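If you want the building blocks of each chain, they are given just below.
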Amino acid sequence: MKSGLRILGLDDGPFKRDSDTKTVLVGVLMRVNSYVEGISVRNIAVDGIDSTETILSMVYGRFREDIDFIMSNGITFAGFNIMDISRINQITGIPIISITRKKPDMDSMFSALELHFSDYAERIEILKKTSVNEIGYDGKKLYINCSGISQNEAIYLIKKTTVMGNIPEPIRMAHLIATAIINGESHGKT
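Definitions and limits used
Residues numbered from 1 in each chain as written. Predicted model: local features only at pLDDT ≥ 70, side-chain atom pairs only at ≥ 80, totals over all residues. Heavy atoms only, no water. Helix = DSSP H or I, 4+ residues; strand = E, 2+ residues; numbered from the N terminus. Buried < 20%, exposed > 50% of the residue type's maximum accessible area, 1.4 Å probe, protein only. Contact = heavy atoms within 4.5 Å. Pairing = 2+ DSSP bridges. 1 Å grid on protein atoms, 1.4 Å probe; cavity = no way out; pocket = protein on both sides within 12 Å on 5 of 7 lines; lining within 4 Å. Points joined across faces, edges and corners; volume = space filled by probe spheres on them. Nonpolar A, V, L, I, M, F, W, Y, C, P; charged D, E, K, R; others polar. Phe/Tyr/Trp six-rings, centres within 6.5 Å; stacked < 30°, edge-to-face > 60°. Lys NZ or Arg CZ within 6 Å of the ring centre and 35° of its normal. Arc of directions from axis to C-beta. Axes fitted to C-alpha atoms, helices over the stretch in contact; angles between N-to-C directions. Parallel < 35°, antiparallel > 145°, perpendicular 65-115°, else oblique. Left-handed = near helix turned anticlockwise from the far one by under 90°.

## Notes on the side chain of Thr92
Logical step 1: Structurally, the position occupied by Thr92 is in helix H2 (residues 85-92).
Logical step 2: For Thr92, a relative accessible area of 8% gives the class buried.
Logical step 3: Sequence-distant contacts of Thr92, that is, excluding residues within four places in its chain, are made with Leu56, Val59, Tyr60 and Arg64.

And the structure:
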């Protein structure tokens, strides 16, 4: 795999479910060798339905010609704002991998969606299109969901972009930036 390949890493910022209506979604464009080439920040609704369109707007923004892969921290952002990874892959042609450290409890998610959302059937349908697979490498365990890339290719890409721990750098960097933006705002800083 060439070091010039670029990954758009995605993660959302923290939020208070009882008071926040939005949080940030951060995209970090990074080469496989961890060189950061750009950052994109958008707002998404807490428990909304805008994460897929927001990610598409990032992809079709100024980095469109540069993104070879997309990696995300899970497929839900800002609570139950569910990203449709197969739709993003189908529209853009860019392979996408969502990664989590813990196995998602799909039955609990389905129950929570049905209990709290009038559009639960659509949200559940997006989740049912996903296929979460446990992977292990170098003594580490993760759960991934892929679209447009094989599991073996995804594992290789994860290994190539993980410097320490078990989270790839593009996602880790997006997480750090999103957290800093929200924490800075909550303390009156920019």
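## Re the pairing of strand E8 (residues 133-137)
Logical step 1: Relative to strand E9 (residues 140-147), E8 runs antiparallel, the two sharing five bridges. Along E9, the bridge assignment pairs Asn133 with Ile144.
Logical step 2: Connecting E8 to the next strand, E9, in antiparallel fashion are two residues, including Asp138 with a positive phi near 50°.

## Observations regarding the layout of surface pockets
Logical step 1: Estimates place the volume of the largest pocket at around 340 Å³.
Logical step 2: At the level of elements, strand E1 (6-12), strand E7 (96-100), helix H3 (106-116) and E9 are the ones that each hand at least two residues to the lining of the largest pocket.
Logical step 3: Residue composition of the lining of the largest pocket, grouped by class: ten nonpolar, nine polar and three charged.

## Things to note about the packing of aromatic side chains
Logical step 1: Enumeration according to the criterion identifies one aromatic pair in this entry.
Logical step 2: Summarising the aromatic geometry, the rings of Phe80 and Phe117 are spaced 5.8 Å apart at their centres and angled 75° between planes, so their arrangement reads as edge-to-face. With Phe80 in the loop between strand E5 (76-77) and strand E6 (81-82) and Phe117 in the loop between H3 and helix H4 (120-128), the pair connects residues that are 37 residues apart, well separated along the chain. Each member of the pair Phe80 and Phe117 is classed as buried.
Logical step 3: Of note, Lys128 hangs over the ring of Phe110, and the distance from its end group to the ring centre comes to 5.9 Å.

## Let's talk about helix H5 (residues 151-161)
Logical step 1: Every buried residue belonging to H5 is among Ala154, Ile155, Leu157, Ile158 and Thr161, and all of these are buried. Buried residues in H5, looked at end-on, bunch into an arc of 165°, giving them a common side.

## As for the packing of H3 against H4
Logical step 1: Between H3 and H4, the shortest axis-to-axis distance is 9 Å and the interhelical angle comes to 160°. Classified by the angle between their axes, H3 and H4 sit roughly antiparallel to one another. Our pair here, H3 against H4, has a crossing hand that is right-handed. Only Tyr120, Arg123, Ile124, Leu127 and Lys128 of H4 make contact with H3, whose side of the interface consists of Met106, Met109, Phe110, Leu113 and Glu114.
Logical step 2: For the contact of H3 with H4, a count of residues per class yields seven nonpolar, no polar and three charged.

## Things to note about H4
Logical step 1: Taken as a whole, H4 has its buried residues at Arg123, Ile124 and Leu127. What you see down the axis of H4 is that its buried residues fit within an arc of 100°, all on one side. Away from its buried face by more than 90 degrees, H4 exposes Glu122 and Lys128.
Logical step 2: Looking at the packing, one finds that the buried side of H4 touches E6 and H3.

## A word on the sheet that holds E9
Logical step 1: The strand order across the open sheet formed by seven strands is E3-E2-E1-E4-E7-E9-E8, and the pairing between neighbours is mixed. Looking at strand neighbours, the two that pair on one side only are strand E3 (36-45) and E8, the edges of this open sheet. The average undirected angle you get between the axes of adjacent strands in this sheet is 25°.
Logical step 2: In the sheet, E7 pairs with E9 via five bridges, with the strands oriented antiparallel. When the sheet's bridge partners are listed, Ile97 is paired in E9 with Cys146.
Logical step 3: Contacts from helix H1 (residues 51-59) reach E1, strand E2 (22-31), E3 and strand E4 (69-73), with the element oriented near 150° to E3.

All we've got here are geometric facts, nothing functional implied.
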